[in-house]
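As a plain string of letters, each chain reads:
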Amino acid sequence: MEFAELIKTPRVDGVVLRRPFQPTVEGTLCLTGHHLILSSRQDNTEELWLLHANIDCIEKRFVGTLGTIIVKCKDLRVIQLDIPGMEECLNIASSIEALSTLDSVSLMYPFFYRPMFEVIEDGWNSFLPEDSFKDLESMTDEWRLSDVNQDYCVCASYPPLVAVPKDVDDDTLRKAAAFRHAGRFPVLSYYHKKNGMVMMRSGQPLTGTNGRRCKEDEKLINATLRAGKRGYIIDTRTIAVAQQAKARGGGFESEANYPQWRRIHKAIERSSVLQESLIKLVEACNDQSHNMDRWLSKLEASNWQTHVKEILTTACLAAQCIDREGASVLVHGTEGTDSTLQVTSLAQIILDPTCRTIRGFQALVEREWLQAGHPFQQRCVQSAYGNGSSVKVRCEAPVFLLFLDCVWQILRQFPCSFQFSEHFLVLLFEHAYASQFGTFLGNSAAERAKLKLSQKTVSLWSWVNRPQEAQRLSNPLYEANSLVIWPSVAPQSLLLWEGVFLRWNRSSRCLDEAYEEMVHIIEYNKELQNKVNSLRRQLAELETDDPLQHTE
Amino acid sequence: MYHGHNIREGRWFTVVVILNHITEVQLLDRYTAKKPAIGTLYLTATHLIFVETSCNTRKETWIIHHHIATVEKLPLTGTGYPLNISCKNFHVVHFVIPSERYCQDVYHSLLRLSQPAKLEDLFAFLYNPKQDEDDRRNGWGFIDSAMDFKRMGLPNEFWELTDLNKNYELCSTYHSELGIPKTARKDTVLGSAKFRSRGRLPTLSYYHKESNGAICRCSQPLSGISARCLEDEEMLQAISRANPNSTFMYVVDTRPKLNAMANRAAGKGYENADNYSNIRFQFVGIENIHVMRNSLQKLLEVCAMKSPTMSDYLTGLENSGWLRHIKAVMDAGVFLAKAVADEKASVLVHCSDGWDRTAQVCSLASILLDNFYRTIKGLMVLIEKEWISMGHKFTQRCGHVDGDPKEVSPVFTQFLECVWNLMEQYPCGFEYNEKYLLEIHNHVYSCQFGNFIGNCQREREEMLKEKTFSVWPFLWENRQQYINPLYKCSLGREVLRPSTLPLNFKFWCGMYNHFDKGMQPKQSILDHLLTIIQKRVEGEKKMTDFQRVSRYRFV
């Protein structure tokens, strides 16, 4: 298929672009296979380059022959294009609609994008499972890397290599996989160096209504317990939801079959509920006609902040079991690809200072989200403006965005403990939904391998890890903090993430200015301290050289 | 005898007389059931002090008696007799006292000490930080609100200061020096004062040099259903004429229309636009002190919930109405500032008596219009000018002494909260930081200094300046802590135009949950930057030292 077929009108002159808090721009609108471009053809006026993939939905309006297209983007931005001529407007609208909803992954922009920068370090090789296992090996010899899933047959959503207890053989893994949702048998997620406790994750056990059990599964998870120690199973669902899952063949670990484990149920909502919540929240944020009561009631009704609190609370619980109780933990929900990953990754942010560095955070996203099989492609196919009517089964959900929101909450409470700034989190949000990079394409390691992403596309990490980018994303306040950081989950402590949800609804001038001023203060002080130190050294040297000094 | 040093009070080292002390007292966590701290409770003439003995480091909790809003004795529990204390600075402490008699003693002592019957029994009359009398006297001259009129350019061709109120005969609750239009004759002024509730005639609050627009304030007219007063009409015309840039002036009644109408039946009310030439009359709908008091009560109930869900919290926040009221005050302030700066019009503001809502709105508009009030000293001047000297009834609104609880209302707190919201929107726009607002708020209620005692200037003149200290020199001395490191004075005289969309108003956790440290960010960007600024000062000093040494030695 040629993109040209989809582009009915490639160019329209005299188009007016309107964006909140920015001057209107008049210029020429061009459609290419992957971009919507508005150029004023004047020097130093800003142009618009918008990836079609970033377009969540469009709305058309006509007043006479003047058409207006409202473009609602996945990054939550809303822009307006006034297009003279009804036909042109209709053509542009239908072209955008077609180009922003391409079915085939291999037509996406990352397959066409050629980087304008030199790739110093290929991000596709930056975070290999073998490498992270080497770190683990340096701490413990109780674990091994199994290639039982090397052809993705045991579990379609797992990577080829997973870390499992040393004493458990591949055969046991296969049997345990048959007992877990979508073959997601318990694997290592995190090893807590301080006390040797671990966090594992999996899919739900397939106990069904008649209480099936699986000796191999029990053996597998018991192998992670120290003699005489109990562990915790954190089921991210309420007991009621977990009970209902039995009717569909799922379920939870019974006390009788897992006597060494204590099960705790939490209440993280299913992904479809999260999507509704995002839609409502963004609606509330964008409606400027609300009075105070209406705004607060809409904010409350969206339940977004409730999800943030619930997810963080569960992550704190997991971290507490490990660090405070000195117990190992198994986390799962239903599939083990959504709420489970929110909990395991956030618990690591709390426990492990490495995850709070720029590289460490990338490694975490790579390990706990990409390799762990979070279905990015499905979840990010639509954002807050998608009505999803064209899709039979709605599978989009802001699971990853909620994770980033929770990280932002911790970052806000510990502003000096992260090597990266909020910008990095916003960047990941944007790229998860629409990107020139291949990192977030596909739903699993298997799909990514099939798409040959590492050969055909550029990794987001290749770009992020360039020194100038890393510098831009770094947090000027950072001071390495090796401690476990416990965030407050009181409602008063959890704020609406303005950097994402109010980003386009207010002028950022004053906040940007404040950020720059802060960077300036810190940089200036660093320079000054360096100067003081070098002067002090010079003086000391001169003094030892000074013959007069010796005679004194 | 207990030798203590209250860190918050900074330099006030003293020996405090212990009235009573109780050992084995438990201090419970406000929210969780975690192990209580055990220690000794000391009751002194001025403070309640808890010294924790269960931990290795000596931890002290000091509560000044006047901060105590309520003391509550609860029924016996397994471990003793609970005594719950809520403070006006939103500090909440729950003690459990081992014996009933002790609990009873402390309870009654605190009731008596927290709200004495007479002003003379307030802490300020006891407080004596070893300065000599000259320092004390000079301290009262540190901020002079009349000087601020000079700064605005008064007297000029339109405005002048009059001493018609020098003996507080014209208006007993106003300052003795008032700004009035030059063209207003004496009988106009006197007549207008008679037609205004409690004689609170229209007088200058802020003069905006750039536009010639003025903000004036007064109380409601005694218009009733149909009464009118020519002098008052002339007075407004004089104000209008004092601004050559506008053909009209706004008259803003900050009350909800319904309340204003109800007042007409009592012979008060609002201006009939037909009787005044070229006025544009406007209601802005800020609720009265009783609504605000109840709203705060509800807000504090939300803050006190043990483990609320997000939904409980947000619903509670909404139902309290608190942020709605804050937004209403802010909206009114923005309206005034826009009228003056953009339309170059003058504005006359009143509510009922013109000492609560009017003070909020006028002072807020001044901050929006004039960057001087966004400096440490400027905020002192503004509070002195618009609140203290214009008769905001601090004694009653803060409940300093035993009195009518219906007169208590968090009007001044709301003003500070509006300023805080502005600081959040303009992080580089203010010389001061959040700590400054919190410290001012503390001292409004602490009664340690004389400034916020009394209901009007006349009361203060009579006794406070002779016997108490002023808070302003004290705050000024500690100003390093109150600096906003991000402040850019280069913003200059830019008028602030904040967004008042509801989503821009946040719950002020730093105020209402200030003492619940667990809820605050665990690392403070402000403290971090303040440390850096401190290091910078030291570094710069070292640089000059080194340079001097190297010149001296090696050149």
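Residues numbered from 1 in each chain as written. Chains lettered and ligands numbered in written order. Predicted model: local features only at pLDDT ≥ 70, side-chain atom pairs only at ≥ 80, totals over all residues. Heavy atoms only, no water.

**A short note on the side chain of Asp338(A)**
Residue and element names in this part refer to chain A. Note the threshold: Comment: elements are numbered from the N terminus, with helices defined as DSSP H or I runs of at least four residues and strands as E runs of at least two. Polar contact is the term for a pair of N or O atoms within 3.5 Å; when the atoms are in protein, one must be able to donate a hydrogen and the other to accept it, and sequence-neighboring residues count only if both atoms are side-chain atoms. Residues count as neighbours in contact if any of their non-hydrogen atoms are within 4.5 Å of one another.
When you line up the elements, Asp338 lands in the loop between strand 14 (329–332) and helix 10 (339–351). Only 3.2 Å separates the side chain of Asp338 from the side chain of His374, close enough to count as a polar contact. In this structure, Asp338 is in contact with Trp369, His374, Pro375, Arg379 and Val399, ignoring residues within four places of it in sequence.

**Considerations on the sheet that holds strand 13 (residues 213–218) of chain B**
Residues and elements named next belong to chain B. Where we set the bar: The pairing criterion for strands is at least two bridges between them, as found by DSSP. An axis is simply a line fitted to the C-alpha atoms; with a helix, the fit covers only the stretch in contact. Between two such axes, the angle follows the N-to-C directions and lies from 0 to 180 degrees.
Within the open sheet, the 5 strands sit side by side as 12-13-16-14-15. Their pairing is mixed. A single partner strand is all that each edge strand has here, and the edge strands are strand 12 (203–208) and strand 15 (279–283). Direction aside, neighbouring strands of the sheet carry axes that sit 20 degrees apart on average. Taken together, the 5 bridges between strand 12 and strand 13 define a ladder with antiparallel strand orientation. Bridge pairing links Tyr207 to Ala214 in strand 13. The strands touched by helix 5 (residues 230–241) are strand 13, strand 14 (249–253), strand 15 and strand 16 (346–350); relative to strand 14, the strand with the most contacts, the crossing angle is about 125 degrees. Packing of helix 10 (residues 357–369) onto the sheet brings it into contact with strand 12, strand 13 and strand 16, and relative to strand 13 it is tilted by some 165 degrees.

**Describing the environment of Phe50(B)**
Residues and elements named next belong to chain B. For Phe50, the position within the fold is in strand 5 (residues 47–52). When the C-alpha positions of Phe50 and Glu60 are compared, they lie 5.6 Å apart, and in sequence the two are 10 residues distant. Here Phe50 is in contact with Val25, Leu27, Ala37, Ile38, Gly39, Thr40, Leu41, Lys59, Glu60, Thr61 and Phe95, once residues within four sequence places are set aside.

**Notes on the sheet that holds strand 10 (residues 187–192) of chain A**
Working definition: the strands of a sheet are paired by backbone hydrogen bonds and lie parallel or antiparallel to each other. Residue and element names in this part refer to chain A. With mixed pairing, 5 strands are arranged side by side in an open sheet as 10-11-14-12-13. Edge positions in the sheet fall to strand 10 and strand 13 (261–265), since each has one partner strand and no second. Between one strand and the next, the sheet's axes are offset by a mean angle of 20 degrees, whatever the strand orientation. When strand 11 (residues 197–201) meets strand 14, the two strands line up parallel, connected through 3 bridges. By the bridge assignment for strand 14, Met200 is matched with Leu330.

**Digging into the interface of chain B and chain A**
Put simply, the rule is: Defined in terms of a 1.4 Å probe, buried area is the accessible area two parts forfeit on being brought together, summed over both. Salt bridges are defined as contacts in which a side-chain nitrogen from Lys or Arg sits within 4 Å of a carboxyl oxygen from Asp or Glu.
Contacts between the two partners involve 52 residues from chain B, matched on the other side by 56 residues from chain A. The contact between chain B and chain A buries some 5,000 Å² in all, and 69% of this surface belongs to carbon and sulfur atoms. Among the residues chain B hides against chain A, the three largest losses belong to Met310(B), Leu503(B) and Gln523(B). Together they make up 15% of the total. At the surface where chain B touches chain A, the tally comes to 4 salt bridges.

By themselves these figures say nothing about function.
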